[in-house]
Amino acid sequence: MSEPSPTTAPAPVTPPAPGTTGRVPHGPFRPGDQVQLTDPKGRINTITLQPGKLYHSHKGSIPHDDIIGSPEGSVFRSTGAVEYLAFRPLLTDYAVRMPRGAAVVYPKDAAQIVAQADIFPGARVIEAGAGSGALSCFLLRAVGEHGTVSSYERRPDFADIARANVEKFFGGPHPSWRLTVGSLEDALAETEVDRVVLDMLAPWECVDAVAKALVPGGMVCAYVATTTQMSRVVEDLRAHGAFAEPYAFETLLRSWHVEGLAVRPDHRMIGHTGFLVTARRLADGVTPPQRRRRPAKGAHPAVETVETAEPDEG
């Protein structure tokens, strides 16, 4: 099947003025707000407030009009005498429950991408691909009102889902975001960007395009699912010559049960969801110094191709 042809590169993004997104993250509930209703067993139902509507469950109903105008953290009793706690969903809640085309980047990995790729307010960020829009939301939050996020997605159906999810979370089109249907290596028009985040099957195919787009000192961050993908992207970044030594890692997350002195880890742990690889862009014409590594355990010195580290003194 032939790949969708990239769209014509639109005009550069103009940084938005403050307060131009429609979502209100605090204050009394308003019509159109998304609200999470949590029952005593911790089960969550998300509704969109509409005057005159009812929230229905097998435990009774709650009028939306009772919720509208109330502060966050209020408790509402259904006609079945069940109490529900009401909050607006956090971005972490929204990301794991949003409609999906592609798999979402889970909050534990999105947080590491924002931190380890050093996504800062005002940053110019490239994202490929957009998937279902979860990571786009985290990146837009991180770059703030004066940054930009340009997302590329090869599949038009995924792009439509991502656009709908991002606009639903922010309450309308986000002025810092541009979404292009097409492959990064064919459609990339930006230069002098600060960060590039690659969430795609073959990020090594974009290494040359990324090197041309990044400013010296900029950073690329690749999110991949398997060790073979991780190995390929690391080796291609090393071989390219425009990047410093890559750093590869994964993150595990475990919650804890705390009841007085009964403190123990939960049986459930969010383990592997993906590997992350980061690397810094070198200045043009610079050759990185040879990286010294210890040989693999049991490796024969005669086949070791990289100089080993000197033993520690003392």
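Thresholds, definitions, all that
Residues numbered from 1 in each chain as written. Predicted model: local features only at pLDDT ≥ 70, side-chain atom pairs only at ≥ 80, totals over all residues. Heavy atoms only, no water. Helix = DSSP H or I, 4+ residues; strand = E, 2+ residues; numbered from the N terminus. Buried < 20%, exposed > 50% of the residue type's maximum accessible area, 1.4 Å probe, protein only. Phe/Tyr/Trp six-rings, centres within 6.5 Å; stacked < 30°, edge-to-face > 60°. Lys NZ or Arg CZ within 6 Å of the ring centre and 35° of its normal. Expected span 1.5 Å × (residues − 1). Arc of directions from axis to C-beta.

Participant: Any details on unusual backbone geometry? Residues and values, ideally.
Facilitator: A cis amide bond, omega -10°, links A128 with the succeeding residue G129. Relative to the helices and strands, G129 is located in the loop between β7 (124-128) and α4 (134-143). You will see that A81, though not glycine, has its phi angle at about 70°, which is positive. One can find A81 in the loop between β5 (74-77) and β6 (83-87). Phi angles above zero are rare outside glycine, and D118 is one such case at about 55°. Within the fold, D118 resides in the loop between α3 (107-116) and β7. Since its relative accessible area comes to 42%, D118 is described here as partly exposed.

Participant: Explain the packing of aromatic side chains residue by residue, including any values.
Facilitator: A full pass over the atoms with the stated rule returns four aromatic pairs. Ring centres of Y94 and F169 lie 5.1 Å apart, and the angle between their planes is 40°; on these two criteria the pair is classed as tilted. Of the two residues, Y94 is situated in helix α2 (residues 91-97) and F169 in helix α5 (residues 156-170); the sequence distance between them amounts to 75 residues. The two residues Y94 and F169 agree in class, both being buried. An angle of 20° between the planes, with centres 4.9 Å apart, marks the rings of Y247 and F249 as stacked. Under the relative-accessibility criterion, F249 is labelled buried at 11%. Joined through ring pairs, the aromatic side chains of Y94, F169 and F170 make up one cluster. Lying across the ring of F158, R155 places its NZ or CZ 3.9 Å from the centre.

Participant: Which residues make up helix α8 (residues 227-240), and what are the values?
Facilitator: Taking 1.5 Å of rise per residue, the 14 residues of α8 would be expected to cover 20 Å, and the 20 Å separating its terminal C-alpha atoms lies within 8% of that figure. Turning to α8, its buried residues are Q229, M230, V233, V234 and L237. On an axial view of α8, the arc spanned by its buried residues comes to 125°, and they lie on one face. Those residues of α8 that are exposed and aimed more than 90 degrees away from the buried face are T228 and A239.

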